[in-house]
Amino acid sequence: MLKNKCPLQAVTELTRGSGGTNSFHFSLSVILVICCHVLLSAVPLLAFPHSCCCKPSSSLSRSSTLSFNANETNMGSMNQHEFSEKKCNVSCLRCALGLFDANFFKDNQIEEIAKGVNELNIPIIEANRELVASENGGLHYPSPLVFNADWDYRPVHCAIKRFNYPSISGIQRPESEEDIAFMSVFELGELIKTKQITSQELTQIFLRRLKKYNPTLEAVVTYTEDLAYKQAKEADKLLSQGVYLGPLHGIPYGLKDIISVPGYKTTWGSKSFKNQVIDMEAWVYKRLKSAGAVLVAKLVSGSLAYDDIWFGGRTRNPWNIEEFSTGSSAGPAASTSAGMVPFAIGSETAGSINYPAARCGVTALRPTFGTVGRTGVMSISESLDKLGPFCRSAIDCAVVLDIVRGRDPDDLSSKDIYLDDPFLVDITKLTVGYLDDAEMEVVHVLASKGVKMVPFKLNYTVDSAQGILNFTMDIDMLTHFDQWQRSGQDNAYEAQDQWPTELRRARIIPAVDYLQAQRARGRLIKEIKESFTVDAFIGNATDWEKVCIGNLVGLPVIVVPTGFTNISNPPSGGTRRKTTITTGIYAPPNRDHIALALAMAYQAVTNHHKQRPPINDLGPNDTFPDQTTVIYPPRVFGP
């Protein structure tokens, strides 16, 4: 018997499930056998310079264990034995991690990895294998990730036809700054165009509001004040010269702080990168700058674009400040909702537009994948990441999308997507489905405007969509933050149950099973395409299954406010705080204009999107929460 080999019993003890079966036997046991019984027998010191496997001793052999159980009654000795056995188990798992060049985790992290693999990775692997890997030869279910060997490939550039914005007239400047702050982008643009207000005045109004409400909402990372006044001054100068750049000319806005702007920090919401300055103009920033928009702030991203916790705190929901905004586009959602900016750009990999927009009661568009270029934006997953606008209305979303869409030459996934003009869509020619969880007010309003509304259900057989998304997102993320994990910086991450846990588990997902997940994703795309027999459908915007499917397939969706309910457990004297109700309008890829047209039609006869949150006016019998004693609940949603 070799001196430096893991006892097989140690492996099975650690990987035994609660039901007494060896549920972890396939992947890690095989690796352990290879690692400890073959590799170490050949090159024990070269393979692992630091000893990583237990030396079998008489006290840890099966026979001596049986003897111990029969004759030893001292509890302290039993605990010591269990501790030694546990240490041996962890040491054996460290051997396996060495095969992945990942022998840098702490003991408690290795135990966490083993638990996560057993409970999450293996069920996903088995489900995907059953879906697409039962036949050999690779003739079925190709991966949607396609390689192009053409060195000189240049996508055919087609001139994008810009939308024809409806004319607007008779807009008068309100007397109060509060009323100005809650005007739509379209209305503010008319005030600037007719010279009822200057861009510099407007910039000053929104900077004041950002500074006034940010202590409560924790939605701003950096004020770009000097840049804002410079850009506003230039916008006013151009207008005085008769040059009008369009509906965003002189309009203030905010960017999620994963989008780089030279001269300002791009922190990614993380204490690891809170002093980072990236000397690059992100593509989306370039587009907005060329349209005359004025950047007033870098807004909160959850740490490394995960949820709403960041290095400076946790962003709150303006409609109910005891709640947090959820989703990593926390700052864009909260700031737009609170009238701190007229619009903002956020991002989504798996829910970070949908969730905060729904929680904060704003209109937001997650566009078709590839619609908006991502150069200069922190990357999680090249096949999932998307940028989109947070606005007060669907009209504003259409205006902003029109400006930022188009091919980014440095982002291979971006393209010139041909979209029909949403302002010219004849909705009476559309057939729109509604799911069981659709908000029926939207269904009834659209039906009253001549849309053919029909009950609908997406039919697909792929039951591992959530697992496919997790594998794709986590492994892709780890490729971009490999050194961050290896150097131990993840130990200082703001919420240990988020990226650190997920990326440690992702470290040992085999490449073959990542690609099987992509094949399963290809099958899902095919089935959703065949099932999408309507022009659009209405359904819950925050249902996790739909979030996963929408992002895996690349579906556009617009989140639309549809009403309010009272908060649960209100103070005895009452409160003005509310819980927002929203719905999602989904369309096939490259049909964003249909979702926008339907949302505009709904908002034309409703006013839910025009309501203002009670940020600092909760009511006479309500009080602000004590932020020094608040306990952060565990995260609920993904990035």
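Here the structure is a predicted model, which means the values were calculated and not measured.

Reading the values: rules and limits
Residues numbered from 1 in each chain as written. Predicted model: local features only at pLDDT ≥ 70, side-chain atom pairs only at ≥ 80, totals over all residues. Heavy atoms only, no water. Helix = DSSP H or I, 4+ residues; strand = E, 2+ residues; numbered from the N terminus. Buried < 20%, exposed > 50% of the residue type's maximum accessible area, 1.4 Å probe, protein only. Contact = heavy atoms within 4.5 Å. Pairing = 2+ DSSP bridges. Axes fitted to C-alpha atoms, helices over the stretch in contact; angles between N-to-C directions. Polar contact = N/O pair within 3.5 Å; in protein donor to acceptor, adjacent residues only side chain to side chain. Phe/Tyr/Trp six-rings, centres within 6.5 Å; stacked < 30°, edge-to-face > 60°. pLDDT = per-residue confidence, 0-100. Core = buried A, V, L, I, M, F, W, Y, C linked by side-chain atoms within 4.5 Å. Expected span 1.5 Å × (residues − 1). Parallel < 35°, antiparallel > 145°, perpendicular 65-115°, else oblique. Left-handed = near helix turned anticlockwise from the far one by under 90°. Nonpolar A, V, L, I, M, F, W, Y, C, P; charged D, E, K, R; others polar.

Engineer: Account for the overall build of the protein, naming residues and giving values.
Structural biologist: A tally of helices and strands in the protein yields 21 helices and 15 strands. Among the 639 residues that make up the protein, the fraction classed as buried is 56%. Restricting to contacts in the protein with at least 6 residues of sequence separation, those with at least 24 account for 76%.

Engineer: Lay out the environment of D474 with the relevant residues and their values.
Structural biologist: Along the chain, the position of D474 falls in helix α16 (residues 465-480). The spatial distance from the C-alpha of D474 to the C-alpha of R504 is 9.3 Å, given a sequence separation of 30 residues. In contact with D474, other than residues within four places in its own chain, are W499, E502, L503, R505 and A506.

Engineer: Just give me the short version of the sheet that holds strand β1 (residues 220-223), but keep the residues and values in it.
Structural biologist: Within a sheet, each strand pairs with its neighbour through backbone hydrogen bonds, oriented either parallel or antiparallel. A sheet is described by the order of its strands in space; here 11 strands give the open sequence β1-β3-β2-β8-β10-β9-β14-β15-β13-β11-β12, paired in mixed fashion. Every other strand in the sheet has two partners, leaving β1 and β12 (452-455) as the edge strands with one partner each. Averaged over all neighbouring strand pairs, the angle between strand axes comes to 30°, with direction disregarded. Relative to strand β13 (residues 536-539), strand β11 (residues 431-434) runs parallel, the two sharing 3 bridges.

Engineer: Let's hear about the side chain of R577: which residues, and what values?
Structural biologist: Take R577: it is sitting in the loop between β14 (557-566) and β15 (578-586). Assessed through its relative accessible area of 4%, R577 is described here as buried. A polar contact is formed between the side chain of R577 and the side chain of E322, at a distance of 3.2 Å. If we skip the residues at most four places from it in the chain, R577 touches W319, N320, I321, E322, I567, P571, P614, L618 and D622.

Engineer: I'd like a description of the packing of aromatic side chains, backed by residues and values.
Structural biologist: On inspection of all chains with the given rule, the structure shows 17 aromatic pairs. Residues Y253 and F343 carry aromatic rings whose centres are separated by 5.3 Å and whose planes lie at 10° to one another, so their mutual orientation is stacked. Placement of Y253 in strand β2 (residues 252-256) and of F343 in the loop between α12 (330-337) and β8 (344-348) is noted, with a sequence separation of 90 residues between them. The exposure class assigned to Y253 is buried, which follows from its relative accessible area of 0%. An angle of 10° between the planes, with centres 4.7 Å apart, marks the rings of F537 and Y586 as stacked. Of the two residues, F537 sits in strand β13 while Y586 sits in strand β15, which places them 49 residues apart along the sequence.

Engineer: Lay out the side chain of T371 with the relevant residues and their values.
Structural biologist: Summarising the element assignment, T371 is placed in the loop between β9 (363-366) and β10 (386-391). When its relative accessible area of 2% is taken as the criterion, T371 is described as buried. Every residue in contact with T371, bar those within four places of it in the chain, is listed here: L401, V404, R405, G406, K415, I417 and D592.

Engineer: Can you tell me about the confidence of the model for the protein, naming the residues and giving the values?
Structural biologist: Chain-level pLDDT for the protein is 86 on average; 83% of the residues reach the 70-or-more range. Note that pLDDT drops below 50 for residues 1-73; the model gives that stretch 106 contacts with residues more than four away or on any other chain. Confidence over residues 628-639 falls short of pLDDT 50; this stretch has 29 contacts with residues more than four positions distant or in other chains.

Engineer: Summarise the nonpolar core; cite the residues concerned and give the values.
Structural biologist: Counting residues in hydrophobic clusters, the biggest one holds 124 residues, and the most contacted among them are L248, L288, L304, F343, W499, I558 and L598. In terms of residues, this core owes the most to one element, helix α21 (residues 592-603), which gives 9 residues. Setting aside anything within four residues of it in sequence, one finds I558 in contact with T363, A364, L365, A394, C397, T583, G584, I585, A595, L596 and A599. Counting residues in hydrophobic clusters, the runner-up holds 30 residues, among them L210, V220, V294 and C360.

Engineer: Break down α16 for me, citing the residues and quoting the values.
Structural biologist: End to end, α16 covers 23 Å across 16 residues, agreeing with the expected 22 Å (1.5 Å per residue, within 8%). When we look at burial in α16, the residues that qualify are A465, G467, I468, L469, F471, T472, M473, D474, I475, D476, M477 and L478. For α16, the elements touching its buried residues are α6 (107-132), α17 (482-486), α18 (499-506), α19 (511-531) and α20 (544-553).

Engineer: Please set out the packing of α16 against α20 residue by residue, giving values where relevant.
Structural biologist: When two helices pack together, their arrangement is captured by the angle between the axes and the distance separating the axes. Axis separation between α16 and α20 bottoms out at 9 Å; the angle between their running directions is 55°. By the angle between their axes, α16 is oblique relative to α20. Crossing of α16 against α20: the hand is left-handed. Within the contact between the two elements, α16 uses A465, Q466, I468 and L469 and α20 uses W544, E545, C548, I549, N551 and L552. Class assignment for the residues of the contact of α16 with α20 results in 7 nonpolar, 2 polar and 1 charged.

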